[in-house]
Amino acid sequence: MDFELTDEQELVRSTVREFAEAELAPVAGEIDRDHRFPEEVLPKMAGMNLMGMPYPEEYGGAGTDYVSYMIALEEVSRGCATTGVIMTAHTTLATFPIYKFGSQAQKDKYLSDMASGRRLGAFALTEPAAGTDAAAGTCTAIRKDNSYVLNGSKIFISNAPFAEIYIVFAKTDPDAQGTRGMSAFIVERDTPGFSVGEAEHKLGIRGSSTPPLYFTNCQVPADALLGQEGQGFKIAMQTLDGGRIGIGAQALGIAQAALDAAVAYAKERVQFGKPIASLQAIQWMIADMATSIDAARLLVYRAASNIDHGFPYSTEGAMAKLFASETATRVADRAIQIHGGYGYTESYPVERHYRDAKITELYEGTSEVQRMVIARAALR
Amino acid sequence: MKIVVAYKWTSDPEEATVGADGVVNWSRARPGISTYDPVAIEVARGLAAATSAELIGVTVGAKGVGTPLAAKAALSRGLDRAVIVEDDSLKGAGQAELAAVVAAVVRRIGDVDLVITGDSSVDVAAKMVPTVLAGELGWPAVAEVTDVTGQPGALRVGRAVPGGAQVLEISGPAVLATSADATTPHVPGMKDLLAAGKKPVEHVDLAALDVPASSAVMTITGRARPARKERKHQLLDTSDPAEAAAELVKALREVGAL
Amino acid sequence: MSVNAWIVVGDQPAIGNLITVARSLGGDGTIAAVVAGPRAVAETVAASGVDRVVWCGTPDGSPAEASAPAVAEAVAADPPRVVLGGRNPGDRVLLGAAAAALHAAVLTGARSVTVGADTVTVVNAVYGDISDETVEISGPVALLLDGGSVPAASGAGVPIEEVTATPYGVKVLETIPSEFEEVDLNAAQRVIGVGRGLKAKEDLSLIEALAAALKAEIACSRPVAEGLNWMGKDRYIGSSGARISPQLYLAVGISGQLQHMVGVTGAETIVAINSDPNAAVFAQTDYGLVGDLYELVAEITSVLK
């Protein structure tokens, strides 16, 4: 069992870290304070080939393995958690469905623009009454001649309205039982009848734009259907299987940033005549934080490696996301504790890491969903 | 046209620790491409693209400077190929010795029109390797170079001088040391990193090179930690900036700094 | 008489420190200088107290670097124990040419030099001055040092020996004066260093107000001087710039990296203002202020007025 990263993977880490420290970390605090979507960062991310890493070069991607993609996502998130979610929501949630389920015509039309980062994507599944119970969605897509008419609303859609391309899930057969009857569509931003609502103010990842979407008799051509009618739920779930590993990587980046800050602070903060890093209480906290992060990293990389080797990754991805997200919130909490009162102020970045960490336990499948997936596998 | 970029794979002293005995501990420092060398590679890349020249990276040093990772890190920045000399006898080698080995490599590559180097290395910061290298090759050297255009035989070189800048014309091969701000190097993208693994790397034995012998043998006979002024490390309370300012000025007046 | 030390000189004669070091080597040998610059420089050097001056002439429209072959030839014809050169770009090139011709060892951080019967011993500051190495060299040594100031005339001076050698094909096509006034940071008692914490060039006016109130000179760390072209390169402080020892050094928006701080370790009192409480600079200060430099600099300026 080889736990070493390849040279390419090591270079991905050091290069993306260099990029993140130069371009992302300097604006992370500001975009958080101002709730501002960092539009100016996207062309730079695209220039680094960071917006479609795992997709083949012939489709505009970088053709890297999934482990490299996770390493890059972790380093981006360590610099700025908001940029991390923009990256994964675009690369995995929005682009994977087209890559895996799109017709040749759809791939030709969208994939290159998306994998190269020229056009930004978004994934629209969640509805006000359908989160964990995704199949309970009430958005409809009724066939009418050579088009579908979409009606309904979506909520918490990352990257809207900056995204141009939306993967929208709606019921083509609203009366069908359970998870059947849902279909996936590719909807472009300026389609009449499709509008984006007010920005949502959140606890963390404040630079990430997550408004609601409204579809009012929004007509899309028949060839906007992605995959088959009734295949939508499967497309969503399979996409989220990979997406959750990405959230694991984002959580890793946040946790690592929090640990790095705590270590730096502990070495410098002098109380009772010595740095607090010399106190056992602090040392043990740091030991626990470092161990959890390392364990989380191994889970994330293992799940990613499974994708690279063609092994199943659904349960492994759920474990990675569950453990990494809970690690991130715990590590960020401890990081503030180590900072004492100063950690509660905006002068130090740890309060932002604390607020950013929480979302990783919630989106792309709450920890409860992950536990359902893992239990199902464990109880087989 | 053949352009050689001489780069260094080394660690940043910022990450090293020094014992009370003056011995430098590099164990926690991660080696990488010397901080200002990517500027040189970027300038060289621009000229190579404009003249359809081959861009060859050269590095010399102790074992470790030419690992696949180190070579790929350099190649990913835009080199076409790399030529590397790794030999532990070069551990602790001085600037003159390194320059002599680089000169031997340049001669071995043959028909090199131009050698470009960085301003200085992040660890030694001597600024002398390019100038001694030029002396060894019998070529002119120019430092603080900000831009290079033109063709071999008629290179136009912009460089900083005290009090301003100059544009020079150089009619033969030369060694140019770029200034640290000559350009902002691009960070290699993911595609560049993957492509680096496919570029040729040649390892040359030091013994196979014709390196002129040095007339001077250097032996380190002692080390010491330089005496540093003790600093107070006083952090002023800045919750009220006006008060902090008053407190600072008062303290400075008391110690006679104002 | 054998040459103890050669001093290579480019197009300006600020070599006072080199002469001092050469003299300190003792012994019976002579101190010779080779000049590759205008005749006026050769004349200043000839009157400075050295024992011999060789002048390479001024090949038409060429910079000092073009005369490197003549310099190397002169030095190699009478090989010394030590060859010395100053840190500016042209002189470095000449020193490198001489060092190559002699196959000499090169050291660039000499704190002291002693010439013995068989060896030269140098205490050499290394790796950003974090350690001092005592090095014994068994052959010729080339030392890159701070040139110092222009030496005063002392005595009648020595004759100037003119030599020629084919210069390199380097011509000056254009000279563009700097938009910035030159400054001598070493003469300043108080210096304010500016770093990346300053967001825009216009914000320099805030620093200028403080500098006026403090009667201080303004300097900067590398990214500002070189990367952003806000001030002349002679204001850059660090391992490849100026090293100063003022009464007071105030670091504003500077992170405190080794490469910069090595330039101010000799300051009597160091103060730093930075918004990052974990900035390395705070480990190297007498007084540190964590906060918004825009506020703090303005407050300090008003207290001083």
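Just so it is clear, the model here is predicted, and its values are computed rather than measured.

The rules we used
Residues numbered from 1 in each chain as written. Chains lettered and ligands numbered in written order. Predicted model: local features only at pLDDT ≥ 70, side-chain atom pairs only at ≥ 80, totals over all residues. Helix = DSSP H or I, 4+ residues; strand = E, 2+ residues; numbered from the N terminus. Rg over C-alpha atoms; globule rule 2.2 N^0.38 Å. Buried ≥ 20, exposed ≤ 12 C-beta atoms within 10 Å, placed from the backbone. Contact = placed C-beta atoms within 7 Å. Expected span 1.5 Å × (residues − 1). Bend = angle between axes of the 7 residues up to and from the residue. Pairing = 2+ DSSP bridges. Axes fitted to C-alpha atoms, helices over the stretch in contact; angles between N-to-C directions. Domains from an automatic or database assignment. Nonpolar A, V, L, I, M, F, W, Y, C, P; charged D, E, K, R; others polar. Parallel < 35°, antiparallel > 145°, perpendicular 65-115°, else oblique. Left-handed = near helix turned anticlockwise from the far one by under 90°. Core = buried A, V, L, I, M, F, W, Y, C linked by C-beta atoms within 7 Å.

Within chain A, the secondary structure is distributed over 10 helices and 10 strands. Its C-alpha radius of gyration of 21 Å places chain A within 12% of the 21 Å reference for a compact globule of 380 residues. If one aligns the C-alpha atoms of chain A with their principal axes, the spans along those axes are about 80 × 45 × 40 Å. A total of 380 residues make up chain A; the buried ones form 54% of that total. Sequence-distant contacts in chain A: of pairs separated by 6 or more residues, those separated by 24 or more amount to 75%.

With 27 residues, helix α1 (residues 7–33) of chain A should reach 39 Å at 1.5 Å per residue; the first-to-last C-alpha distance of 37 Å fits that figure. By the largest-angle criterion, L24 of chain A marks the main kink of α1 of chain A, which is about 45°, and a proline, P26 of chain A, follows within four residues. Among the residues of α1 of chain A, those classed as buried are E8, L11, V12, T15, V16, F19, A20, E23, L24, A28, I31 and D32 of chain A. In this structure, the buried residues of α1 of chain A make contact with α2 (41–47), α3 (66–79), α4 (81–101) and α9 (350–358) of chain A together with α2 (68–75) and α5 (190–196) of chain B.

A few words now on the sheet that holds strand β10 (residues 154–161) of chain B. Spatially, 10 strands are ordered β13(B)-β7(B)-β6(B)-β1(B)-β8(B)-β12(B)-β9(B)-β10(B)-β11(B)-β11(C) in an open sheet, and the strand pairing comes out mixed. What marks the edges here is a single partner per strand, and that holds for β13 (201–203) of chain B together with β11 (170–177) of chain C. Here the strands of the sheet are splayed against their neighbours by 30° on average, with no regard to which way each runs. Strand direction decides the pairing type here: strand β9 (residues 141–151) of chain B and β10 of chain B, joined by six bridges, are antiparallel. Looking at β10 of chain B, one finds that V145 of chain B is bridged to R159 of chain B. The sheet strands contacting α2 of chain B are β6 (54–61), β7 (81–86) and β13 of chain B, and the helix crosses β7 of chain B at an angle near 140°. Across the sheet, helix α4 (residues 129–137) of chain B touches β8 (114–117), β9 and β12 (174–178) of chain B, and the angle it forms with β12 of chain B is around 175°.

On to the interface of chain B and chain C, then. On the chain C side, the residues contacting the 76 residues of chain B number 81 residues. For the side of chain B that touches chain C, the secondary structure elements donating two or more residues are α3 (95–109), α4, β9, β11 (164–170), β14 (218–224), β15 (234–236) and α6 (241–254) of chain B. The greatest single-element share of the side of chain B that touches chain C, amounting to nine residues, is contributed by α6 of chain B. Here β15 of chain B runs beside strand β16 (residues 287–290) of chain C; their pairing, made up of three bridges, is parallel. For Q234 of chain B, the partnering residue across the bridge sits in β16 of chain C and is Y287 of chain C.

Let us now look at the domain arrangement of chain A. Residue and element names in this part refer to chain A. In terms of domain boundaries, chain A breaks down into domain 1 (7–120), domain 2 (122–233) and domain 3 (240–378). Centre-to-centre separation of domain 1 and domain 2, based on C-alpha positions: 23 Å. Of the residues lining the interface, 25 residues belong to domain 1; the matching set on domain 2 comes to 21 residues. Looking at which element gives the most residues to the side of domain 1 that touches domain 2, the answer is α4, with 11 residues. Residues of the side of domain 1 that touches domain 2, tallied by class, amount to 16 nonpolar, five polar and four charged.

Here we take up the packing of α3 of chain A against helix α6 (residues 232–268) of chain A. Two quantities define a packed helix pair, namely the angle between the helix axes and the distance between the axes. All names here are of chain A. At a closest axis distance of 7 Å, the pairing of α3 and α6 adopts a crossing angle of 40°. Judged on the interaxial angle alone, α6 and α3 are oblique. Of the two possible hands of crossing, α3 and α6 adopt the one that is right-handed. Between α3 and α6, the contacting residues are M70, L73, E74, E75, V76, S77 and R78 on the first element and I245, G246, A249, Q250, L252, G253, I254, Q256 and A257 on the second. Of the residues assigned to the contact of α3 with α6, the class counts are eight nonpolar, five polar and three charged.

The next thing to look at is the sheet that holds strand β13 (residues 217–220) of chain C. Pairing is parallel in the open sheet, where six strands are placed in the order β15(B)-β16(C)-β15(C)-β14(C)-β12(C)-β13(C). One side of each edge strand has no neighbouring strand; the edge strands of this open sheet are β15 of chain B together with β13 of chain C. For this sheet the average axis-to-axis angle between neighbouring strands, irrespective of direction, equals 20°. As paired strands, strand β14 (residues 248–252) of chain C and strand β15 (residues 269–274) of chain C are joined by five bridges and run parallel to one another. Residue pairing in the sheet places L250 of chain C in a bridge with V271 of chain C of β15 of chain C. Each of β15 of chain B together with β14, β15 and β16 of chain C is contacted by α6 of chain B, which is oriented at about 170° to β16 of chain C, the strand it contacts most. Where helix α5 (residues 204–214) of chain C meets the sheet, it contacts β12 (190–194), β13 and β14 of chain C, and its direction lies at approximately 170° from that of β12 of chain C.

This part covers the nonpolar core. Judged by nonpolar contacts, the single largest core of 263 residues is most densely connected at V300 of chain A together with I7, V34, V71, V83 and A98 of chain C. Ranked by residue count, the leading element in this core is α6 of chain A, at 18 residues. If we skip the residues at most four places from it in the chain, A98 of chain C touches W6, V8, V71, A72, V75, V83 and A142 of chain C. Formed by 49 residues, the second largest nonpolar core is a distinct cluster that contains L250, I254, I273 and V281 of chain C.

Residues and elements named next belong to chain A. Where α3 contacts α4, the axes come no closer than 5 Å and their chain directions differ by 145°. Across from L73, V76, S77 and G79 in α3, the residues of α4 making contact are A81, T83, G84, M87 and T88. Per-class residue counts for the contact of α3 with α4 are four nonpolar, five polar and no charged.

Residues and elements named next belong to chain A. Across the junction of A160 and P161, the peptide omega takes the value -5°, indicating a cis bond. Of note, P161 is situated in the loop between β3 (147–154) and β4 (165–171). Positive phi outside glycine occurs at H35, with the angle close to 50°. Position of H35 among the secondary structure elements: in the loop between α1 and α2.

Turning our eyes to something else, we now look at the domain arrangement of chain B. What the domain assignment reports for chain B is domain 1 (2–208) and domain 2 (229–258). Between the C-alpha centres of domain 1 of chain B and domain 2 of chain B the distance comes to 44 Å.

Residue and element names in this part refer to chain A. Following the sequence through the fold, A255 ends up in helix α6. Residue A255 is classed as buried on the basis of its C-beta count, with 33 C-beta atoms lying within 10 Å. Separated by 10 residues in the primary sequence, A255 and Y265 place their C-alpha atoms 15 Å from one another. Apart from residues no more than four positions distant in its own chain, A255 is found in contact with I293, A296, T327, A328, V331 and A332.

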